[in-house]
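Fold and contact review
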Number of protein chains: 2
Amino acid sequence: MTDQDTLSVNTIRGLCMDAIQQAESGHPGTPMGIAPVAYTLWQRFLRFDPQDPVWPNRDRFVLSEGHASALLWSLLHLSGVRAVDADYEVLGRPAVSLDDLRAFRQLDSRCPGHPEYRWTSGVETTTGPLGQGVATSVGMALAGRWLADRYNRDGFDLFDFDVYALAGDGCMMEGISSEAASAAGHQGLANLCWIYDSNRVTIEGHTDITFTEDVAARFLAYGWNVTTVADANDLDAVARALHTFRAETERPTLVVVHSHIGYGSPVEDSPRAHGTPFGEEGVRSTKRFLGLPPDERFHVPEAVREDFARGIGARGERLRTAWEERFEAYRRDWPAEADEITRMQRRELPEDWEAALPQFPPDPKGLASRDSSGRVLNALAERVPWLLGGSADLSPSTKTRLTFDGAGDLEPDEPGGRNLHLGVREHASAAIANGMALTKLRPYWSGFLIFSDYAKGAIRLSALMEIPVVHIFTHDSIGVGEDGPTHQPVEQLAGLRAMPGLLVFRPADAGEVVETWRAVAALRHEPAALVLSRQALPTLDRSVLASASGTARGAYVLADAPDGAPQVLLLATGSEVSLALSAREELAAEGIAARVVSMPCWELFDRQPREYREAVLPPGVTARVGVEQASTFGWDRYVGDRGAVVGMHTYGASAPLKKLITKFGFTPERVAQVARDVLAGREQPRSAA
Amino acid sequence: MTDQDTLSVNTIRGLCMDAIQQAESGHPGTPMGIAPVAYTLWQRFLRFDPQDPVWPNRDRFVLSEGHASALLWSLLHLSGVRAVDADYEVLGRPAVSLDDLRAFRQLDSRCPGHPEYRWTSGVETTTGPLGQGVATSVGMALAGRWLADRYNRDGFDLFDFDVYALAGDGCMMEGISSEAASAAGHQGLANLCWIYDSNRVTIEGHTDITFTEDVAARFLAYGWNVTTVADANDLDAVARALHTFRAETERPTLVVVHSHIGYGSPVEDSPRAHGTPFGEEGVRSTKRFLGLPPDERFHVPEAVREDFARGIGARGERLRTAWEERFEAYRRDWPAEADEITRMQRRELPEDWEAALPQFPPDPKGLASRDSSGRVLNALAERVPWLLGGSADLSPSTKTRLTFDGAGDLEPDEPGGRNLHLGVREHASAAIANGMALTKLRPYWSGFLIFSDYAKGAIRLSALMEIPVVHIFTHDSIGVGEDGPTHQPVEQLAGLRAMPGLLVFRPADAGEVVETWRAVAALRHEPAALVLSRQALPTLDRSVLASASGTARGAYVLADAPDGAPQVLLLATGSEVSLALSAREELAAEGIAARVVSMPCWELFDRQPREYREAVLPPGVTARVGVEQASTFGWDRYVGDRGAVVGMHTYGASAPLKKLITKFGFTPERVAQVARDVLAGREQPRSAA
């Protein structure tokens, strides 16, 4: 460790302490302990150009222990990383100025409490919820290997980036990281390196009180390469471990680094170092210990900036500019492939992608929306090579397998395959999809809607990060039938709809499925959840009903009252739209004029201008019935004070679908009766009580 | 393997095949493969009396691979397990008759698609969502050891039961099982045995395509005892492995059993065996292979019933009656302890528990609801010895630590401790709490509200099973402050409220916290979620405001218009109730009469008679404003067509709380302005659009 190394490492520590002390809030312990490791990685290994933080072949650095954000802000500042705008254009200003650091954890600062993707450039993924970063890194590494397999050519190693994730004890305890580590081991992701910051201290105390497993042995069992660094302050040992990673060609690598939380501070090795500023005097005494001027704040010697410029700065610029030259040559030899790469980086699709969308003729028998979705997905994926994904061991049921020639399995011996076997690991599946999306692929993953619960943490992050992941959920209601209440979603739709930034689609038939995919494929900065049926749904005859293109507006008048003046509105989604149409006929036979509104995507409908919304749901028509095989929670917004909802108030039951439909009242007769009741002003129960 | 063993095992297999074929739905593969193991366990080891399936010291059998329910139904039928009612009283009728088996997966059958607790006696926990069963079994084993430590006395080994869980490849892949296994290894639960049915086949194919880790090595890393059975059909080898478990005194045991999915069927070792009936001809050919009469359905030779009666039946009855005699003697020597055990089994509390509840004087500064809840919890737990729990590494923040003398840590060297260190393992934490509740303890666990997402699967099971777990969630809004949007819940409240059977409480002050705990402690068959603030909340002066006892009705008029005739209703929960009170004063100064309704528990309010609900929310007063620092999703039910909601439409931000309150509009001025707008009929946006 040279004097310069010492000065640079301790300058990082000083910035972290100062930022946290200034904010009187934050997590100083981790940055103090792990700064030398991060410094070594950034300065000696990371192939990252601060001048172009979105260069496609950059190594990725994921701070999975996101509470150590001050460490990342300090690194971004010292290496002079530039800002990018929301469309990934590099800007002149720095990602993190010294003033930003001074405003750590303050409103609108570029240095928030945890790293936030798309808010501060250089942040590869939003972290904080433990385990998410490491799991997401697996998706990045899979994507990197996939890009290499698809696009690299003799003499053109366009993609060979590595993915590093820095994780703490908490990350290692979360189930999502176990799932992801098992998947990464199976995939043999030699481009993936997790650095386990083992300081053996968590919020409740020493890990002795709850976490006494042998983590290294566990990762060996997953098929990982494991190496250990006895002292985080030993930069050469850290470098040796990272060289071991870079030399490994068949397995992901875990570097176990023994560190000291709050190193150098009065609370070193104590849980108090985790989430509490050291206090003015604590900061001063720590600075003295580290040989920093105790009374200077946000102190950055020019030699430290120069150090970073010589290290990561010079290496990154050299590699990035060489890559750009290589890419220009590649474009001459491989123009179509180069065009794909460019489109992908901009989150655009091939010109003619919409031409791939199939059509479905009217068919009273119809097909399940999982089936029609599978056909649309296959057609789209054949046209969009970087649309790929997999299932949490349910592809035969979710129908998401790509079956066209050359789709293949994405496996260690076929890294360019298009079908991922994600295993019974829903949470990691969603996080892996996030990682692939962050690498600019267009990923999807699938499972049963009920198991969206297991993946909730990662679904939320896709929405918070505004990345276009497609979460595909089938078996979307009591339509599951005999598997019973453990497998029948009830409240999941409401939970997903309540999530800001997630578009939830529940299409009514194959026509709406096509329009759903048309809307979803075009998304650049939003994730979507597709909620699809297990059972067959009639393909509606659009020559007598409205076009399915209304899907793009979230809700539309599917079948109107004869004179456009309905007495009652029947609002439905998915499998219940046909039910509403039947009820409408029953009411028509009695001379009651009902309008059926299909509402495949509430979020898109809520974004429409008031005129459109009121044209679909006329304020004057207060007799309204919502119909959905799901919790009624959230429906009041559309059915209003005088309306009613035919929905679920309890869990489901194990029985054939037809029996369940009768038991829970999803029949045309019942819907029509509720419509009559509403018209007559008879109160309908809104809740389970 | 005797001829009788063979006949009994194959009779089980025949019943499973017949039930599934009759239903034309179900999962035959697993029962065919693992039947000999289940048979050996039940016949030679399980200390379970079919005559009294709720005997407190019975060994627990958890079918974590719940899709193999036909196996459990067959075992319950053949061993003659009796039904119990919802209050755990043993009934005369069998839990599972042959007619029930014939009605497998039909409406109202005692043999649903997956095992459902409280629906079929002998089911120790609801399973089906993979990984939940094994994780829950950890809670049962912890509870068993806790009971032994607390109640056993010299000469009175009242509690020494073992917990067995049968798990498949899917269970082993789920993150929740990794979390639970790590926790169980740390706790050294020698009374816990997981049997891993390793058939290496999942829905998408052979586990080679995604699950190639060394499971045995992984469990050794967790600190488990691991043993292997090479052939599931080798009953003696199975028995040797289970003897190994019973001889182990310091570690949980994993028995890895190599089995063949769909054993004996035409689809043996194929994914097709998993979830598809074999077909009439497939069943016949399999029966021929097994030496069963191919054309007889639901065939049970009398010798098989006798076999079960001699095995599990005789052993169970002997052990249970001996235990009852022992317990009667114990009651004479240790009457107070015996009384506790009896109350616990009935889910009752000590007589005088309510006297323990503290009171909080009015205090404008007040305290965080996490703090007041911690004080109430401590007071209650001191009075109710079997109220215990822990935190997912957040007890210093969630304030759930029990601090009175003797509370102690629940650790291997102090198995009767009251404070569990659950580690950063939210999903397993909730499942472990479920397991403790299923063992009739009164458990709680705590974490930040945002991380309820991670535990969703297990929270849902507590509601589906109707068990009184207390899920304690603090840091309940943007009140989290600087940690930012990754840690600020927005949509979690809506998601929990949408869950049938879960009572969600968000108390407004210490007074409501006390009343919340009064309601929650008395629950016998319902779980509750407590949603508590990080920041201080004023303790309201109930001498000028209504009593907090209104909490028991879910919502109540806290402060009314002077003449009881409000122009506008301000509805709020938790930290926003005081905000509503301030807005009310501001409006009063302008001569606008506002009523403040505190709504700590929507579910309880919805259960009130219409008269009460309309007294609180008069239908004639349509000017209403809901105020809650959470997604507005679900509020329309209460604010109605002409109302408005001051809530969250986006994710939060990283900044000090005061800045966030202004940024997101949670000020008295804004609430008062929205109230004026509503009174004036100006439309308010309901969604993010």
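Residues numbered from 1 in each chain as written. Chains lettered and ligands numbered in written order. Predicted model: local features only at pLDDT ≥ 70, side-chain atom pairs only at ≥ 80, totals over all residues. Heavy atoms only, no water.

For the structure shown, the criterion picks out 51 aromatic pairs over all chains. Seen in terms of ring centroids, A:Trp445 and A:Phe473 are 5.5 Å apart; in terms of plane orientation they differ by 85°. Their pairing is edge-to-face. Linking A:Trp445 in strand 13 (residues 442-448) with A:Phe473 in strand 14 (residues 470-474), this pair joins segments that are 28 residues apart in sequence. Overall, the relative accessible area of 1% leaves A:Trp445 in the buried class. With a relative accessible area of 0%, A:Phe473 lands in the buried category. Seen in terms of ring centroids, A:Phe448 and A:Phe451 are 6.3 Å apart; in terms of plane orientation they differ by 20°. Their pairing is stacked. A:Phe451 shares its class with A:Phe448; the two are buried. A network of ring pairs unites the aromatic residues A:Trp602, A:Phe605, A:Tyr612, A:Phe633, A:Trp635, A:Tyr638, B:Trp602, B:Phe605, B:Tyr612, B:Phe633, B:Trp635 and B:Tyr638 as a single cluster. It is B:Arg110 that lies over the ring of B:Trp119; its NZ or CZ is 3.9 Å from the centre. Above the ring of B:Tyr612, the side-chain terminus of B:Arg553 is found at 3.8 Å from the ring centroid. (Phe/Tyr/Trp six-rings, centres within 6.5 Å; stacked < 30°, edge-to-face > 60°. Helix = DSSP H or I, 4+ residues; strand = E, 2+ residues; numbered from the N terminus. Buried < 20%, exposed > 50% of the residue type's maximum accessible area, 1.4 Å probe, protein only. Lys NZ or Arg CZ within 6 Å of the ring centre and 35° of its normal.)

What follows deals with empty space enclosed by the protein. Empty space among the atoms becomes apparent when a probe as large as a water molecule is rolled across them. In the structure shown here, the tally under the stated rule is 14 cavities of 30 Å³ or more. Estimated volume of the largest cavity: approximately 110 Å³. Forming the walls of the largest cavity are 13 residues, and the residues nearest its centre are A:Ile176, A:Glu179, A:His427, A:Tyr454 and B:His427. Going through the elements one at a time, helix 7 (175-187) and helix 16 (426-438) of chain A together with helix 7 (175-187) of chain B are the ones with two or more residues in the lining of the largest cavity. Class assignment for the residues of the lining of the largest cavity results in four nonpolar, four polar and five charged. (1 Å grid on protein atoms, 1.4 Å probe; cavity = no way out; pocket = protein on both sides within 12 Å on 5 of 7 lines; lining within 4 Å. Points joined across faces, edges and corners; volume = space filled by probe spheres on them. Nonpolar A, V, L, I, M, F, W, Y, C, P; charged D, E, K, R; others polar.)

Turning our attention to the side chain of B:Arg218. Here B:Arg218 lies in helix 8 (residues 215-222). Among the polar contacts made by the side chain of B:Arg218, one reaches the side chain of B:Ser178 at a distance of 3.0 Å. Aside from chain neighbours lying at most four places away, what touches B:Arg218 is A:Arg218, A:Ala221, A:Tyr222, B:Met172, B:Ser178 and B:Glu213. (Polar contact = N/O pair within 3.5 Å; in protein donor to acceptor, adjacent residues only side chain to side chain. Contact = heavy atoms within 4.5 Å.)

Core analysis: the largest hydrophobic core is formed by 402 residues, its most contacted members being A:Trp194, A:Trp517, A:Leu570, B:Leu71, B:Trp194, B:Trp517 and B:Leu570. Of all the elements, helix 5 (residues 132-151) of chain A adds the most residues to this core, at 11 residues. Not counting residues up to four positions away in its chain, the partners in contact with B:Leu71 are B:Ile12, B:Cys16, B:Pro31, B:Ile34, B:Ala35, B:Ala38, B:Leu63 and B:Leu166. (Core = buried A, V, L, I, M, F, W, Y, C linked by side-chain atoms within 4.5 Å.)

This part takes up the relation of the copies chain B and chain A. The two copies are related by a screw motion: chain B maps onto chain A through a turn of 180° and a shift of 0.0 Å along the axis, at an RMSD of 0.0 Å. Considering both components of the superposition, the chain copies are consistent with a two-fold axis. The C-alpha atom lying nearest the rotation axis in chain B is that of B:Gly175; the distance is 1.8 Å. Mapped onto chain A, 99% of the interface residues of chain B again fall at the interface, so both copies present the same surface. (Least-squares fit on C-alpha atoms with pLDDT ≥ 70 in both.)

Moving on, we get to the interface of chain B and chain A. In this complex, chain B contributes 104 residues to the contact, which on the side of chain A involves 104 residues. The junction of chain B with chain A conceals about 8600 Å² of combined surface from both sides, 56% of it contributed by carbon and sulfur atoms. Area buried by chain B at its contact with chain A is led by B:Glu204, B:Arg460 and B:Phe633, which between them contribute 9% of it. Our enumeration of links across chain B and chain A arrives at six salt bridges. Between B:Arg460 and A:Glu491 there is a salt bridge, with its nearest N and O atoms 2.8 Å apart. Viewed at the interface, chain A and chain B are joined by 52 residue pairs in polar contact (both at pLDDT 80 or more). When residues of the side of chain B that touches chain A are assigned to their parent elements, the largest contribution, seven residues, is made by helix 17 (residues 452-465) of chain B. (Buried area = accessible area lost by both parts, 1.4 Å probe. Salt bridge = Lys/Arg side-chain N within 4 Å of Asp/Glu carboxyl O.)

Residue and element names in this part refer to chain A. The geometry of helix 12 (residues 302-333) relative to helix 13 (residues 335-345) is characterised by a closest axis approach of 5 Å and an angle of 130° between their N-to-C directions. As summarised for this structure, helix 12 and helix 13 are arranged oblique, according to the angle between their axes. Contact residues: helix 12 offers Phe-327, Tyr-330, Arg-331, Arg-332 and Asp-333, while helix 13 offers Pro-335, Glu-337, Ala-338, Asp-339, Ile-341 and Thr-342. Tallied by class, the residues present in the contact of helix 12 with helix 13 amount to five nonpolar, one polar and five charged. (Axes fitted to C-alpha atoms, helices over the stretch in contact; angles between N-to-C directions. Parallel < 35°, antiparallel > 145°, perpendicular 65-115°, else oblique.)

Turning our eyes to something else, we now look at helix 17 of chain B. Residue and element names in this part refer to chain B. Taking 1.5 Å as the rise per residue, helix 17 with 14 residues should run 20 Å; its terminal C-alpha atoms sit 18 Å apart, in good agreement. Approximately 40° is the largest bend angle found in helix 17, and it occurs at Ala-458. Summarising burial for helix 17: 14 of the 14 residues are buried, a large majority. Looking one or two residues beyond helix 17, the residue adopting positive phi is Glu-466, at roughly 60°. (Expected span 1.5 Å × (residues − 1). Bend = angle between axes of the 7 residues up to and from the residue.)

A few words on the sheet that holds strand 9 (residues 253-258) of chain A. All names here are of chain A. Reading across from one edge, 1-4-5-9-8 is the order of the five strands in this open sheet, with parallel pairing throughout. Looking at which strands have only one partner, the edges of the open sheet turn out to be strand 1 (60-63) and strand 8 (225-229). Mean inter-strand twist for the sheet, computed between neighbouring axes without regard to direction, equals 15°. The pairing of strand 1 with strand 4 (residues 163-167) spans four bridges and is parallel. (Pairing = 2+ DSSP bridges.)

Bear in mind that shape data such as this cannot, by itself, settle questions of function.
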